[in-house]
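Coordinates in review
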Amino acid sequence: MHHVLDAARPHLHGRFSSRATPVLTLEPGDTVTVTNIPDVSWGLEAPTSTTAPRRKVEPRDPVRDAGPCLCGPIAVRGAKPGDALDVTLEHIRPGAWGWTYAGRGMSNSALNGALGIGDAPLMLLRWTINQARTHATNDLGHTVRLRPFMGTIGLSPDAEDACGWTPRPCGGNMDCRELVEGAVLSLPVMTPGALLSLGDGHALQGDGELSGTAIECPMEEVRLRVNLRPGIALPGPRARTPAGWVTLGFGPTLDQAAEVAASGMLDLLVEQHGTTRAEAAALASSLVSLHITQMVNPLRGVHAILAE
């Protein structure tokens, strides 16, 4: 069955919770099109300057909405801890505008400082996205080809209140640029119903999300298909993407995140090819590439890619 969910009140929230009431319940195999998703900052219109107010979703609960603008949670009937949920990203269409900030006040202030712009006035690139949603041009005249994805997509952890900005084994604010249209993201279910949420639309991002923001944008529509694999206990997020197999790791440092991502890839190689773990590591040393996912969130991210 196909469902349509409009990303408006009361379908929006900013934090994951195992106690949240689902806004929609899907059967395994169902699809859902989520429409009119605001940008990550709850924005309903493009910013015009670094100081001018703009129209946002209002009112917002200071506790429940203290995080990125997310639509959900969406329950999947029969999902329980110890299962795996496969989320196929069938279609992703960004909105008509986007923005990028850099400089003073960004969340990754240490990196901005190391780049010599920590004390620079906050600057804004304003992007206009063409009607075909293939390219964007900013107010300085730069034009780029788009590769849209959702910066935040994940399931609720086994917690009544979890920060929406933090990536974790069941997904969340991963900011992985490989989760584009056609990718199948697999996540471990940690709470009954899975409780899937998504938001934080990106029209384009480089690995690392260097300034602290990508081309942040609303999403006109995102179509997902969900499938349940009972009794498949995954150690963390993995995905089959146009770039190949991807495993993701998060940690307080990039070294720790890299260890988790690489270990996840070894798990995958052992499962799929019946190798020993040492054989998997030897193969991975030649075939697997580690990428910095993001350096912005409370936990840093690294993803491993095995090209097909």
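Whatever comes next refers back to the structure up there.
Throughout what follows, the structure given in this document is the object of discussion.

Thresholds, definitions, all that
- Residues numbered from 1 in each chain as written.
- Predicted model: local features only at pLDDT ≥ 70, side-chain atom pairs only at ≥ 80, totals over all residues.
- Heavy atoms only, no water.
- Pairing = 2+ DSSP bridges.
- Helix = DSSP H or I, 4+ residues; strand = E, 2+ residues; numbered from the N terminus.
- Axes fitted to C-alpha atoms, helices over the stretch in contact; angles between N-to-C directions.
- Contact = heavy atoms within 4.5 Å.
- Buried < 20%, exposed > 50% of the residue type's maximum accessible area, 1.4 Å probe, protein only.
- Core = buried A, V, L, I, M, F, W, Y, C linked by side-chain atoms within 4.5 Å.
- Salt bridge = Lys/Arg side-chain N within 4 Å of Asp/Glu carboxyl O.
- Expected span 1.5 Å × (residues − 1).

Here we look at the sheet that holds strand S20 (residues 244-251)
In any sheet, the strands associate via hydrogen bonds between backbone groups, in a parallel or an antiparallel arrangement. Spatially, S1-S5-S18-S7-S15-S19-S20-S22-S21 is the arrangement adopted by the nine strands of the open sheet, whose pairing is mixed. Sheet topology places strand S1 (2-6) and strand S21 (288-294) at the edges, where each strand pairs with a single neighbour. Strand-to-strand, the axes of this sheet are offset by a mean angle of 25°, without reference to chain direction. Relative to S20, strand S19 (residues 238-241) runs antiparallel, the two sharing four bridges. Directly across from Ala 239, in S20, lies its bridge partner Val 246. Across the sheet, helix H3 (residues 277-287) lies against S21 and strand S22 (300-306), angled at about 70° from S21, the strand it touches most.

Concerning the side chain of Asp 65
Topologically, Asp 65 is positioned in the loop between strand S5 (31-37) and strand S6 (70-76). Of the residues examined, Asp 65 reaches a relative accessible area of 6% and is grouped as buried. Among all residues touching Asp 65, those that are not within four sequence positions of it are Arg 9, Leu 12, His 13, Gly 14, Trp 42 and Arg 60.

Topic: the pairing of S19
Where strand S15 (residues 184-188) and S19 come together, three bridges link them in antiparallel fashion. Each residue of the ladder has a partner; that of Leu 185, found in S19, is Ala 239. In this antiparallel pair of consecutive strands, S19 and S20, the connection spans two residues.

Focus: the nonpolar core
In terms of nonpolar packing, the biggest core is built from 51 residues, with Leu 85 and Ile 153 touching the most fellow members. In terms of residue count, the dominant contributor to this core is strand S18 (residues 219-229) (five residues). Of all hydrophobic cores here, the second largest spans 14 residues; its members include Ala 261, Met 265, Ala 280 and Ala 284.

Considering the pattern of salt bridges
For the coordinates displayed, the defined rule picks out 20 salt bridges. The partner of Glu 45 in a salt bridge is Arg 55, and the shortest N-O contact between them spans 4.0 Å. A residue pair is termed long-range when its members are at least 10 positions apart, and Glu 45 in the loop between S5 and S6 and Arg 55 in the loop between S5 and S6 qualify at 10 residues. The class of Glu 45 is partly exposed, set by a relative accessible area of 31%.

Notes on helix H2 (residues 254-273)
Look at H2: 28 Å from first C-alpha to last across 20 residues, which is about the 28 Å you get at 1.5 Å a residue. Ala 257, Ala 258, Ala 261, Gly 264, Met 265, Leu 266, Leu 268 and Leu 269 are the residues of H2 that are buried. Elements in contact with the buried residues of H2: S19, S20, H3, S21 and S22. Positive phi appears at Gly 274, one or two residues downstream of H2, with a value of about 65°.

Quick look at the environment of Pro 81
Here Pro 81 lies in the loop between S6 and strand S7 (84-94). Linking Pro 81 and Thr 191, residues 110 residues apart in sequence, is a C-alpha distance of 5.5 Å. Apart from residues no more than four positions distant in its own chain, Pro 81 is found in contact with Val 189, Met 190, Thr 191 and Pro 192.

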